[in-house]
There are 2 protein chains.
Amino acid sequence: MNIAGMINPEQLQFFLGLLQLEQVKISEEERLDYASDETENYVFPADVVLLPNNTNEIASILKYCNAEKIPVTALGALTGLSGGALCVHGGVGLSLERLNKIISIDENNGQVIVEPAVITQVLQEECAKKGWYYAPDPASRGSCSIGGNLAENSGGPHAVKYGVTKDFVLNLEVVLANGEVIWTGANTLKNSTGYNLTQLMVGSEGTLGIITKAVLKLVPLPPFNKLLLAPFPSAENACAAVSAIFRAGITPSALEFMERDAIAFTLQFVDDVQVDLNGVEAHLLIEVDGTDESSLMLECEKILAVLEKFEAGEVLFAEDHEQKEKLWKVRRKVGEAVKSHSIYKEEDTVVPRFELPVLLRGVKEIGSRYGFQSVCYGHAGDGNLHVNILKGQLTDEQWSQELPKAIKEIFELVVSLNGTLSGEHGIGFVQKEYMPIAFNEIQLNLMKQIKQVFDPNGILNPGKIFPSSHSI
Amino acid sequence: MNIAGMINPEQLQFFLGLLQLEQVKISEEERLDYASDETENYVFPADVVLLPNNTNEIASILKYCNAEKIPVTALGALTGLSGGALCVHGGVGLSLERLNKIISIDENNGQVIVEPAVITQVLQEECAKKGWYYAPDPASRGSCSIGGNLAENSGGPHAVKYGVTKDFVLNLEVVLANGEVIWTGANTLKNSTGYNLTQLMVGSEGTLGIITKAVLKLVPLPPFNKLLLAPFPSAENACAAVSAIFRAGITPSALEFMERDAIAFTLQFVDDVQVDLNGVEAHLLIEVDGTDESSLMLECEKILAVLEKFEAGEVLFAEDHEQKEKLWKVRRKVGEAVKSHSIYKEEDTVVPRFELPVLLRGVKEIGSRYGFQSVCYGHAGDGNLHVNILKGQLTDEQWSQELPKAIKEIFELVVSLNGTLSGEHGIGFVQKEYMPIAFNEIQLNLMKQIKQVFDPNGILNPGKIFPSSHSI
């Protein structure tokens, strides 16, 4: 047997008594399967990985772990980008993979009840078959799960019109640290009944409870959309056009920014798309959607007028579904392409959207001082810029010792622009030491005390969100 | 001097030293001016009403009151419908009326920074002048203030498309019970950085802190809308049509339900509108809005097709701005009209929208058993039904002893339909004893512990939200 130090044989015996043998993963090989997410190259195996079948089993596991003070980290699809699911303190890795059912799609109310391991794209497709739309769609939507989306309050391209995960959550079934099970609210669109436990849980990264069911709202599926790709002679022009599109009265259903290199890297991975990068420093990918095609054409005309003012080059209109898919593929593959290009770190900066050009300029200036290359892209309509920092020619020492100072400068800039550290990836493990840039002691202490209300023994996902000086 | 028992002369001296004389209201007459909101006929004067000029003064007041354990109840425009601003434990009534500035309208980012006493309609009009839209619009929007809207998480007719107050809040400046001042988040559309203190504060009814500034998001002002009024031969048909409109792919910008009596009472107050009530048991007031007039006409056609299926009578299309205003006036005056008709109680029930016909039938059945008449109307698209219970011929004893049992039955029905006690009015003083219908001990204890984190001495708006068995 290959259990690390933290779980003793008696504790293991409890899990083996509670669950079937195949629900308890103890070999090193199995534990390594659950030891990494998509965050850089971290590997933190749990001492034991448990695969409960249902809420009751989770409740029993948590009740026991709480009494025994064993760390419990919820594991979803392991696509996270802030290390939220890394078992940094060992203990139990609680994989929710068996809670993977869409329990009901309520067509009359436009609501769905899902378990956490449902893949986001699967949910979207099942809803679409019935004419309903679940909008939050991280780039990883084909592999990420709703539970992870809830934990990190994930966004995606369509958040700019429809909102992020939190805006689609009505009610959550949650197993608390002591094994008690609650619902956080009601299955209603409006709710002014007591404190908003639902919104407290969303984005809390598995540190306040384990979400076992979610009631999500749906909106009518917009039957039409138009997609266009606009090249710009400068990245700043592209960023500046973003705010102007809203000023023209348009709320696009997506408004994505890609720096030249973001597309250049990606084109190496995508065979069937050509994008002319000659004289182009950045692109905006712009989508509008709605119930009437002719009104979308009018919106596109207004957008084109804005783009012209910011010296956009020839705008590519996606002509059919296939071409739209190709353009979206380019956008969705950027993260992966950058990752394959070099060791990298990704910062999930977010600012008020008009500040994007200032942020971009600042990132480049900081990069030039510290000697790193960055590739920037993201959800420009929301002011959410993913800053991918490439290791490139940096020495290991520069990477580990100097870069954190540069990242601190980036975040200080972000906060000075009224922005914050993460728009949709969460703080998790890799950003927690930067939290004091966004929050002072008073704010951090409030959060810490809330954590203590929900999890007095600190068993739930320890080592996340809070900086070392506040670690629980 | 006319101070009630709770504030002693030394304490009063502190307030007089901190503030100008005209900021300290101590006469009975002055205190009575602040002693009631729009909830039934309650009168609870504070021992002293303070009118601070700014955040600093509020911080000093709270620091002192926290040390002295003096209750502090924030007072806004006093238009609340759940008694949230009643000073039921006396102490300090903290009127925020002097914090009444729109600090900035940021046209580039589509954001506004406001102080709490800004009147909701004033904010809407100022934003509209610049092409931006702040959507939450309670019926009292001409007299209610943003601070109260934040405290109660207010909705209004346009919430069905645009969301309630919480959906427009990005960041809040809050004075904590101990006088410390924090911002809850960042001025960004997306935020996955620590626990969502912003959403915890919204709807907490002044029990967790005093909101002194709010950063609110705006959306582009939709230039066109269409408004139609549809009569139905039965209230249940009208309710059933609501869900069908969404099923037809339409998200209306308003979808209001009014029972026959709701309009009949109101027409007595509104001279310049005629509505034929012959054979009509209910109306739906339906609005769509957008950027293109012709596409709205298409949506209206789809809506008409749905209405026909549910046996709607002749639909009135508002022809111009004036006619639209008249129809909205009828809707907005319903509450006032019912209030003038009889002593009444208003329940702010909310259910998934397809359950509306079941709820309405249940309310009438409960009414017939307990012998009360009810007038129902509300935001049907959100499943938010205002149930106005008229005293009518009920004896005082029936009203005070029997009616609470009937209300309990109504709320039990609501909860059995996956709904909850309040959609937009809050729990405040008058609904708190019903909280155990919606929440069990585990949930209530979590909320109570959160309260204790923010307000360990229990000075902020005591006697609200929590039932007596949990009172803080």
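Along each chain, residue indices are assigned from 1 in the same order as the chain's sequence is written. Starting at A for chains and at 1 for ligands, labels are handed out in the order in which the entities are written. Totals for whole chains, interfaces and linings use every residue, but because this is a predicted model, local features are given only for residues with pLDDT of at least 70 and side-chain atom pairs only at 80 or more, for both listing and counting. The side-chain numbers reported here are obtained from all heavy atoms of the structure, hydrogens and water having been left aside.

Asker: I'd like a description of the side chain of A:Glu347, backed by residues and values.
Answerer: All names here are of chain A. Looking at the element boundaries, Glu347 is found in strand S16 (residues 344-350). Buried charge without a partner: Glu347 forms no salt bridge, and the closest opposite charge is Lys345, 6.3 Å away. Engagement of the side chain of Glu347 in a polar contact is seen with the side chain of Gln431, the distance being 2.7 Å. Runs of H or I in DSSP of at least four residues are treated as helices and runs of E of at least two as strands, each being numbered from the N terminus. When a residue's accessible area, from a 1.4 Å probe over protein chains only, is under 20% of the maximum for its type it is buried; when over 50% it is exposed; and in between it is partly exposed. As used throughout, the charge tally considers Lys and Arg to be positive and Asp and Glu to be negative, leaving His and the chain termini uncounted. Here, a salt bridge means any Lys or Arg side-chain nitrogen found within 4 Å of an Asp or Glu carboxyl oxygen. Under this definition, polar contacts are N or O atom pairs within 3.5 Å; protein pairs additionally need one hydrogen-donor-capable and one acceptor-capable atom, and for neighbouring residues in sequence, both atoms have to be side-chain atoms.

Asker: A description of the domain arrangement of chain A should follow, citing residues and the corresponding values.
Answerer: What counts as a domain boundary in this text is fixed by an automatic or database domain assignment. Partitioning chain A into domains gives domain 1 (9-95), domain 2 (102-220), domain 3 (224-335), domain 4 (342-432) and domain 5 (434-470). Put simply, the middle of domain 1 of chain A and the middle of domain 3 of chain A, counted by C-alpha atoms, are 42 Å apart.

Asker: So, the pattern of salt bridges: which residues are in play, and what are the values?
Answerer: Tallied over the entire structure, the rule returns 48 salt bridges over all chains. Between A:Lys451 and A:Asp455 there is a salt bridge, and its shortest N-O distance comes to 2.7 Å. The exposure class of A:Lys451 is buried, given its relative accessible area of 3%. Across the pair B:Glu293 and B:Lys226 runs a salt bridge whose closest N-O atoms are separated by 3.0 Å. Highlighted residues: B:Glu293 in helix H10 (residues 293-309) and B:Lys226 in strand S12 (residues 224-232), separated in sequence by 67 residues. For B:Lys226, a relative accessible area of 16% corresponds to the buried category. What emerges from the salt-bridge pattern is a single network uniting A:Glu107, A:Lys130 and B:Arg247.

Asker: Can you explain the pairing of strand S8 (residues 169-175) of chain A? Please cite residues and give values.
Answerer: The side chains of a regular strand alternate, first on one face of the sheet and then on the other. Residue and element names in this part refer to chain A. Most of S8 is tucked away: seven of the seven residues are buried. Relative to strand S10 (residues 210-217), S8 runs antiparallel, the two sharing six bridges. What sits directly across from Glu173, in S10, is Lys213. We treat two strands as partners when DSSP finds at least two bridges between them. Two elements, S8 and strand S9 (residues 181-183), share three bridges in a ladder whose sense is antiparallel.

Asker: Break down the sheet that holds strand S6 (residues 111-114) of chain B for me, citing the residues and quoting the values.
Answerer: All names here are of chain B. Spatial ordering of the open sheet is given by S5-S6-S10-S8-S9, a layout of five strands whose pairing is antiparallel. Looking along the sheet, the strands with just one partner apiece sit at the ends: strand S5 (102-106) and strand S9 (181-183). Neighbouring strand axes in the sheet, compared pairwise and without regard to direction, differ in orientation by 10° on average. Note on geometry: axes are lines fitted to C-alpha atoms, helical ones only across the stretch in contact, with angles between N-to-C directions running from 0 to 180 degrees.

Asker: I'd like a rundown of the interface of chain A and chain B, residues and numbers included.
Answerer: Residues count as neighbours in contact if any of their non-hydrogen atoms are within 4.5 Å of one another. Between chain A and chain B, the residue contacts involve 84 residues of the former and 84 residues of the latter. Two parts placed together each lose some accessible area; with a 1.4 Å probe, that loss summed over both constitutes the buried area. Together, the buried faces of chain A and chain B total about 6,800 Å²; carbon and sulfur atoms form 58% of this surface. In terms of surface lost to chain B, no three residues of chain A exceed A:Lys190, A:Ser192 and A:Tyr195, which account for 14% of the buried area on that side. At the boundary of chain A and chain B, one finds six salt bridges. A salt bridge links A:Glu424 to B:Lys190; its shortest N-O distance comes to 2.7 Å. For the pair chain A and chain B, the number of links is 34 residue pairs in polar contact (both at pLDDT 80 or more). Of all the elements in the fold, those that place two or more residues in the side of chain A that touches chain B are S9, helix H7 (197-201), helix H8 (235-247), helix H10 (293-309), helix H14 (435-438) and helix H15 (441-454) of chain A. At nine residues, H15(A) tops the list of elements feeding residues into the side of chain A that touches chain B.

Asker: Pulling in residues and values, what's your account of helix H8 (residues 235-247) of chain B?
Answerer: Residue count minus one, scaled by 1.5 Å, sets the expected span of a helix. A rise of 1.5 Å per residue sets the reference length of H8(B), with its 13 residues, at 18 Å; its end C-alpha atoms lie 19 Å apart and thus fit the reference within 8%. Once H8(B) ends, the next one or two residues include B:Gly249, with phi positive near 90°.

Asker: A description of the packing of H8(A) against helix H12 (residues 356-370) of chain A should follow, citing residues and the corresponding values.
Answerer: All names here are of chain A. At their nearest, the axes of H8 and H12 sit 8 Å apart, and the two run at 155° to each other. With respect to H12, the element H8 is oriented roughly antiparallel. Together, Ala235, Glu236, Cys239 and Ala240 of H8 and Leu356, Pro357, Leu360 and Arg361 of H12 make up the contact between the two elements. Residue composition of the contact of H8 with H12, grouped by class: six nonpolar, no polar and two charged. Every angle not falling under 35 degrees, over 145, or within 65 to 115 is termed oblique; those three ranges are roughly parallel, roughly antiparallel and roughly perpendicular. Each residue is assigned to one class: nonpolar for Ala, Val, Leu, Ile, Met, Phe, Trp, Tyr, Cys and Pro, charged for Asp, Glu, Lys and Arg, and polar for all the others, Gly among them.

Asker: Tell me about the relation of the copies chain A and chain B, and please be specific about residues and values.
Answerer: Here the copies are superposed with least squares, the fitted atoms being C-alpha atoms of residues at a pLDDT of at least 70 in both. Note on the copies: chain A fits chain B at an RMSD of 0.0 Å, the axial shift is 0.0 Å, and the rotation between them is 180°. On the angle and the small slide along the axis, the relation comes out as a two-fold axis. Comparing interface residues between copies, 99% of those in chain A also sit at the interface in chain B, which points to an isologous, same-surface contact.

Asker: With reference to specific residues and values, describe the packing of H15(A) against helix H15 (residues 441-454) of chain B.
Answerer: With their axes 10 Å apart at the nearest point, H15(A) and H15(B) run at an angle of 150° to one another. Between H15(A) and H15(B), the crossing angle belongs to the class labelled roughly antiparallel. As H15(A) packs across H15(B), the resulting crossing turns out to be right-handed. Contacts from A:Leu446, A:Gln449, A:Ile450, A:Val453 and A:Phe454 of H15(A) reach H15(B) at B:Leu446, B:Gln449, B:Ile450, B:Val453 and B:Phe454. Of the residues belonging to the contact of H15(A) with H15(B), the class tally is eight nonpolar, two polar and no charged. Each crossing is labelled by how the near helix is turned from the far one, with a counterclockwise turn of less than a right angle marking it left-handed and a clockwise turn marking it right-handed.

Asker: So what about the sheet that holds strand S13 (residues 254-259) of chain A? Which residues, and what values?
Answerer: Residues and elements named next belong to chain A. The antiparallel open sheet is built from seven strands, whose spatial order is S15-S12-S14-S13-S17-S18-S16. Strands with a single pairing partner mark the edges of an open sheet, and in this sheet they are strand S15 (316-317) and S16. Most of the contacts of H10 go to strand S12 (residues 224-232), to which it runs at about 15°, and overall it touches S12, strand S14 (282-290) and S15.

Asker: Got a sec to walk through the confidence of the model for chain A? Specific residues and values, please.
Answerer: Averaged over all residues, the pLDDT of chain A equals 95, while 99% of them reach at least 70. As a predicted assembly, this complex carries a pTM of 0.97 together with an ipTM value of 0.97. Scored from 0 to 100, pLDDT records how confident the predictor is in each individual residue.

Asker: I'd like a rundown of the environment of B:Ala318, residues and numbers included.
Answerer: Residues and elements named next belong to chain B. Looking at the element boundaries, Ala318 is found in the loop between strand S15 (316-317) and helix H11 (321-341). Judged by its relative accessible area of 11%, Ala318 falls in the buried class. In this structure, the C-alpha to C-alpha distance between Ala318 and Asn237, residues 81 residues apart in sequence, is 22 Å. Setting aside anything within four residues of it in sequence, one finds Ala318 in contact with Leu227, Gln323, Lys324 and Leu327.

Asker: If you had to explain the packing of aromatic side chains to someone new, which residues and values would you point to?
Answerer: All names here are of chain A. When two rings of Phe, Tyr or Trp (its six-membered ring) have centres within 6.5 Å they constitute a pair, described as stacked for plane angles under 30 degrees, edge-to-face for angles over 60, and tilted for the intermediate range. Considering all chains together, one arrives at 20 aromatic pairs over all chains under this definition. Ring geometry for Tyr133 against Tyr162: centres 5.1 Å apart, planes inclined by 90°, an arrangement best described as edge-to-face. Placement of the pair is Tyr133 in strand S7 (residues 132-133) and Tyr162 in helix H6 (residues 159-162), with a sequence separation of 29 residues. Considered together, Tyr133 and Tyr162 belong to a single accessibility category, that of buried residues. Connected via pairs of aromatic rings, a cluster forms that spans Phe14, Phe15 and Tyr64.

Asker: Would you mind going over unusual backbone geometry in detail, with residue names and values included?
Answerer: Of note in this structure, A:Glu40 is not a glycine but carries a positive phi near 45°. Looking at where A:Glu40 falls in the secondary structure, it is placed in the loop between helix H2 (28-33) and strand S2 (48-50). Of note, the phi angle at B:Glu205 is positive, near 55°, even though the residue is not glycine. Checked against the element boundaries, B:Glu205 lands in the loop between helix H7 (197-201) and strand S10 (210-217).

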